[in-house]
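Tertiary structure, described
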Amino acid sequence: MIAKLMILVARGWQIGPSRILPPSCRYTPSCSAYAITALQRYGAIKGGWIATKRLLRCHPWGGHGHDPVP
């Protein structure tokens, strides 16, 4: 149930602000798609932790390229 709510937040980001802001993703898939996959695969706690770690890596001095959900 909590994972579904978190997925709705990520989808809301994809539909709303993400479409207005210029593309700035350093990784593929995008952080929101990564978070949705992690939440679907692992649930709210573990999937949320995996998605949070990915968001923390997404900065100008971080990596880039293909980064699939483990």
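Residues numbered from 1 in each chain as written. Predicted model: local features only at pLDDT ≥ 70, side-chain atom pairs only at ≥ 80, totals over all residues. Heavy atoms only, no water.

The protein chain appears in an unreviewed UniProt entry as Putative membrane protein insertion efficiency factor from Sphingopyxis witflariensis. UniProt's Sequence similarities (unreviewed entry) comment on the protein chain is quoted here verbatim: "Belongs to the UPF0161 family." (UniProt positions renumbered as here; feature names shortened; annotations may be inferred.)

For helix α3 (residues 31-42), with twelve residues, the first-to-last C-alpha span of 16 Å sits near the 16 Å given by 1.5 Å per residue. Of all the residues in α3, the buried ones are Cys31, Ser32, Tyr34, Ala35, Ile36, Ala38 and Leu39. Those residues of α3 hidden inside the fold are in contact with α1 (2-15) and α4 (44-57). Where α3 ends, the next residue or the one after it, glycine 43, has phi of about 90°, a positive value. (Helix = DSSP H or I, 4+ residues; strand = E, 2+ residues; numbered from the N terminus. Expected span 1.5 Å × (residues − 1). Buried < 20%, exposed > 50% of the residue type's maximum accessible area, 1.4 Å probe, protein only. Contact = heavy atoms within 4.5 Å.)

A separate point is the side chain of arginine 54. Positionally, arginine 54 belongs in helix α4. Filtering out sequence-adjacent residues up to four positions away, arginine 54 remains in contact with Tyr27, Thr28, Pro29, Ser30, Cys31, Tyr34 and Asp67.

Geometrically, the link from threonine 28 to proline 29 is a cis peptide bond, its omega value of -5° lying close to zero. Secondary-structure assignment places proline 29 in the loop between β1 (27-28) and α3.

Here the structure, examined in full by the defined rule, presents zero aromatic pairs. Arginine 57 extends its terminal NZ or CZ atom over the ring of tyrosine 27, reaching a point 5.8 Å from the ring centre. (Phe/Tyr/Trp six-rings, centres within 6.5 Å; stacked < 30°, edge-to-face > 60°. Lys NZ or Arg CZ within 6 Å of the ring centre and 35° of its normal.)

Let us now look at the packing of α3 against α4. Axes are the key here: two packed helices are described by the angle between their axes and the distance separating the axes. Taken N-terminus to C-terminus, the directions of α3 and α4 make an angle of 160°; their axes are 7 Å apart at the nearest point. In this view, α3 runs roughly antiparallel relative to α4, as classed from their interaxial angle. Seen from above, α3 lies across α4 with right-handed handedness. Seen from α3, the contacting residues are Cys31, Tyr34, Ala35, Ala38, Leu39 and Tyr42; seen from α4, they are Ala44, Lys46, Gly47, Gly48, Ile50, Ala51, Arg54, Leu55 and Arg57. Of the residues belonging to the contact of α3 with α4, the class tally is ten nonpolar, two polar and three charged. (Axes fitted to C-alpha atoms, helices over the stretch in contact; angles between N-to-C directions. Parallel < 35°, antiparallel > 145°, perpendicular 65-115°, else oblique. Left-handed = near helix turned anticlockwise from the far one by under 90°. Nonpolar A, V, L, I, M, F, W, Y, C, P; charged D, E, K, R; others polar.)

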